[in-house]
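# Report on the structure
Take a look at the letters that make up each chain.
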Amino acid sequence: MTAAPTRIILICSGKGGVGKTTLTANLGIALARQGSRTAVLDADFGLRNLDLLLGLENRIVYTAQEVLAETCRLEQALVKHKQEPNLALLPAGNPRMLEWLTPEDMQRIVALLAERFDIVLIDCPAGIEDGFRNAAAAAREAIVVTTPEVSAVRDADRVIGLLNTQGIEPIQLVLNRVRPKMMLNQEMLAVSDVTDILALPLLGLVLEDEQVIVSTNRGEPLTLNGNGSPAAKAYHNIARRLRGETVPLIDPAKEGQGLRAKLGRFMQTRIF
């Protein structure tokens, strides 16, 4: 019986700041915890924040740059997570890599990772420039991350068009920083608005959660510590769906109604 081929998943966005790298870090931990040997590849050579979000910045000795130059072996450049042995990071190299890196270089790196891991997550630079094209050249499937904002959705649509021209499939959607109350009040695009525009299957919804900021600043992904926050639950559920489980999506409308109901009950119990 032959082993299943390694899944090479590009995590991308049209607009910066929508939570793409945060999703990559948390999803990497969640997949590893669920039993998948997982590598996260930082292909965002200009910004290189994935190591910070994973709390691994002080353990980097070699990077993808040295692997490509063959001045170190892949095993030397991989940074294993101490608390999650199924996860390893291949850090981005010097930002000057942007000047000479080619799609073929990215394919070489990913091919090496595919020999050792079940899943490779590629943290792609935001936008549609050369960094995106290089990262996408090695991908077999993609997750597009956006927030329910008009500009972010429009930029995501441009990225989806490029992914389609490269024959990458499936392409799935993660809607991040969802605020049920704002959706209920029609102050934010509804989930159906976004899915209608982008025409992608919805892999997950991540509610706005201040714990994401706290965990990011600490370099401790929410999925690492079993945190019961809404975002942590969402990341774990996204990982489960990626692994083939059937997990119901939350309904933001019901979440918003729940908030309003709680507020109503609170007001009724107050004595004036």
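This structure is a prediction, so every number in the text was calculated from the model and none was measured. (Residues numbered from 1 in each chain as written. Predicted model: local features only at pLDDT ≥ 70, side-chain atom pairs only at ≥ 80, totals over all residues. Heavy atoms only, no water.)

### Structural notes on the packing of helix H7 (residues 150-165) against helix H9 (residues 191-198)
Note the threshold: In this analysis, axes come from line fits to C-alpha atoms, helices being fitted only over the stretch in contact, and the angle between any two N-to-C directions falls in the range 0 to 180 degrees. Helix and strand definitions here come from DSSP, where helices need a minimum of 4 consecutive H or I residues and strands a minimum of 2 consecutive E residues; each element is numbered from the N-terminal end. Reported orientations rely on four angle classes, namely roughly parallel under 35 degrees, roughly antiparallel over 145, roughly perpendicular from 65 to 115, and oblique for the rest. Left-handed describes a crossing in which the near helix is turned anticlockwise from the far one by less than a right angle; the clockwise case is right-handed. In this description, contact between two residues means that some pair of their heavy atoms is separated by no more than 4.5 Å. Note on residue categories: nonpolar means Ala, Val, Leu, Ile, Met, Phe, Trp, Tyr, Cys or Pro, charged means Asp, Glu, Lys or Arg, and polar means any other residue, Gly included.
Packing of H7 against H9 leaves a shortest axis separation of 10 Å and a crossing angle of 30 degrees. Considering their axes alone, H7 and H9 lie roughly parallel with respect to each other. Read as a crossing pair, H7 and H9 show a hand that is right-handed. Facing H7, whose interface residues are Val153, Ala156, Asp157 and Ile160, H9 presents Val194, Ile197 and Leu198. Its residues placed into classes, the contact of H7 with H9 shows six nonpolar, no polar and one charged.

### Digging into the sheet that holds strand E7 (residues 171-178)
Strands belonging to one sheet form pairs held by backbone hydrogen bonds; the direction of such a pair is parallel or antiparallel. For the record, the criterion: At least two DSSP bridges between two strands are needed for those strands to be called paired.
The sheet built from eight strands is open, its strands ordered E3-E4-E2-E5-E1-E6-E7-E8 with mixed pairing. The sheet terminates laterally at strand E3 (79-80) and strand E8 (202-207), the two strands that pair on one side only. With four bridges joining them, E7 and E8 adopt parallel strand pairing. By the bridge assignment, Val174 is partnered in E8 with Gly204. Sheet strands in contact with helix H5 (residues 103-114) are strand E1 (7-12), strand E2 (38-42), strand E4 (87-90) and strand E5 (119-123), and its direction is about 160 degrees off that of E2. In this fold H9 packs onto strand E6 (141-146), E7 and E8, with an angle of close to 150 degrees to the strand it touches most, E7.

### Points about the packing of helix H1 (residues 20-33) against helix H11 (residues 230-242)
Contact pair H1 / H11: the axes reach a minimum separation of 9 Å and the direction vectors enclose 65 degrees. In the crossing of H1 with H11, the sense of the turn from one axis to the other is right-handed. The residues of H11 that touch H1, namely those facing Thr22, Leu23, Asn26, Leu27, Ala30 and Leu31, are Tyr235, His236, Ile238, Ala239 and Leu242. In the contact of H1 with H11, the residues fall into eight nonpolar, three polar and no charged.

### Some details on the nonpolar core
What counts, and what does not: Within this scheme, the nonpolar core is defined by two criteria: the residues are buried Ala, Val, Leu, Ile, Met, Phe, Trp, Tyr or Cys, and they are joined through side-chain atoms within 4.5 Å. The buried label applies to any residue whose accessible area, calculated with a 1.4 Å probe on protein chains only, is under 20% of its type's maximum; exposed applies above 50%, and partly exposed to all values in between.
Judged by nonpolar contacts, the single largest core of 55 residues is most densely connected at Leu10, Leu90, Leu113, Ile122, Phe132 and Leu163. Contacts of Leu10, omitting those with residues within four sequence positions, involve Ile122, Cys124, Phe132, Ala135, Ala136, Ala139, Glu141, Ala142, Ile143 and Leu163. Formed by 36 residues, the second largest nonpolar core is a distinct cluster that contains Leu23, Val174, Val206 and Ala232.

### Details of the pairing of E4
Alternating positions in E4 separate into two faces, Leu87 and Leu89 on one and Ala88 and Leu90 on the other, with burial throughout. Two strands pair when backbone bridges link them, and E2 and E4 are joined in this way by four bridges, in the parallel orientation. The residue of E4 that forms the bridge with Leu41 is Leu90. Relative to E4, E3 is paired through two bridges, and the arrangement is antiparallel. The partner of Lys80 across the bridge, within E4, is Ala88. Linking E3 back to E4 in an antiparallel pair, the connection comprises six residues.

### Remarks on unusual backbone geometry
A negative phi holds for most residues other than glycine; trans holds for most peptide bonds. In this structure, Pro170 follows Glu169 across a cis peptide bond, with omega equal to 0 degrees. Looking at where Pro170 falls in the secondary structure, it is placed in the loop between H7 and E7. A positive phi angle, close to 55 degrees, is found at Arg177, a residue other than glycine. A positive phi is found at Gln186, a non-glycine position, where the angle reads about 60 degrees. Secondary-structure assignment places Gln186 in the loop between helix H8 (180-184) and H9.

### What to know about H11
This is how it is decided: For a helix, the expected span equals 1.5 Å multiplied by the number of residues minus one.
For H11, spanning 13 residues, the distance from its first C-alpha to its last is 19 Å, which sits close to the expected 18 Å at 1.5 Å a residue. Taken residue by residue, H11 has Ala231, Ala232, Ala234, Tyr235, Asn237, Ile238, Ala239, Arg241 and Leu242 as its buried positions. Elements in contact with the buried residues of H11: E1, H1, E6, E7, E8 and helix H10 (210-218). After H11 finishes, the residue Gly244 shows a positive phi value of roughly 100 degrees.

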